[in-house]
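Chain by chain, the residues:
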Amino acid sequence: MNIQDAIYNWLSIKVVADARPDDDAARDTYEFFDEMLTNDLEIEKVEITQDDVLYYVHYWIAGEEHKKQYPIELIDALLDSINAEPKYNE
């Protein structure tokens, strides 16, 4: 998986896991992607900021800072989809 997709997936599930702290599946999936960033992609540190439109992900590899940005609407779509599904909200 390329770094763009890995961070996208990591951020999407992080938003879900943060919003649904009792959701074991979300937490487990977040941990999977978090380990992928650390172990497979060798990301040392991640910081997230946002404005009204975008999430900004700053990450460091070998001490060098990199940055990706993702539309909030796109990242939050997973959480919106889960929250709209009654079977996930029982």
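Note: the structure precedes this text.
A brief structural summary. (Residues numbered from 1 in each chain as written. Predicted model: local features only at pLDDT ≥ 70, side-chain atom pairs only at ≥ 80, totals over all residues. Heavy atoms only, no water.)

**Quick word on unusual backbone geometry**
The phi dihedral of Glu-42 falls on the positive side, at around 55 degrees, and the residue is not glycine. Residue position: Glu-42 is located in the loop between helix 2 (24-40) and strand 1 (45-50). Residue classification places Glu-42 among the exposed residues on the basis of a relative accessible area of 54%. Of note in the backbone geometry, Ala-62 takes a positive phi value of approximately 50 degrees without being a glycine. In this fold, Ala-62 is placed in the loop between strand 2 (54-61) and strand 3 (64-71). (Helix = DSSP H or I, 4+ residues; strand = E, 2+ residues; numbered from the N terminus. Buried < 20%, exposed > 50% of the residue type's maximum accessible area, 1.4 Å probe, protein only.)

**Some points on the packing of helix 1 (residues 3-19) against helix 3 (residues 72-84)**
Two numbers describe how helix 1 lies on helix 3: the axes approach to 8 Å, and their chain directions differ by 45 degrees. By the angle between their axes, helix 1 is oblique relative to helix 3. Crossing hand, helix 1 versus helix 3: right-handed. The residues of helix 3 that touch helix 1, namely those facing Tyr-8, Leu-11, Ser-12, Ile-13, Val-15, Val-16 and Ala-19, are Leu-74, Ile-75, Asp-76, Leu-78, Leu-79 and Ile-82. The class makeup of the residues in the contact of helix 1 with helix 3 is eleven nonpolar, one polar and one charged. (Axes fitted to C-alpha atoms, helices over the stretch in contact; angles between N-to-C directions. Parallel < 35°, antiparallel > 145°, perpendicular 65-115°, else oblique. Left-handed = near helix turned anticlockwise from the far one by under 90°. Contact = heavy atoms within 4.5 Å. Nonpolar A, V, L, I, M, F, W, Y, C, P; charged D, E, K, R; others polar.)

**Description of the nonpolar core**
Side chains of a nonpolar character, in soluble globular proteins, are inclined to be buried together. Within the largest apolar cluster, 23 residues are counted, with the highest numbers of intra-cluster contacts made by Ile-7, Leu-11 and Leu-37. Among the secondary structure elements, those contributing two or more residues to this core are helix 1, helix 2, strand 2 and helix 3. With eight residues, helix 1 is the single largest residue contributor to this core. Dropping the residues within four chain positions of it, Leu-11 is found in contact with Ile-48, Tyr-55, Val-57, Tyr-70 and Ile-75. (Core = buried A, V, L, I, M, F, W, Y, C linked by side-chain atoms within 4.5 Å.)

**A few points about the packing of aromatic side chains**
By the definition in use, this model includes three aromatic pairs. Each ring, one from Phe-32 and one from Phe-33, has its centre 5.1 Å from the other, and the planes form 80 degrees; the classification is edge-to-face. For Phe-33, a relative accessible area of 13% gives the class buried. In this structure, Lys-45 is placed above the aromatic ring of Trp-60, and the distance from its NZ or CZ to the ring centre is 4.6 Å. (Phe/Tyr/Trp six-rings, centres within 6.5 Å; stacked < 30°, edge-to-face > 60°. Lys NZ or Arg CZ within 6 Å of the ring centre and 35° of its normal.)

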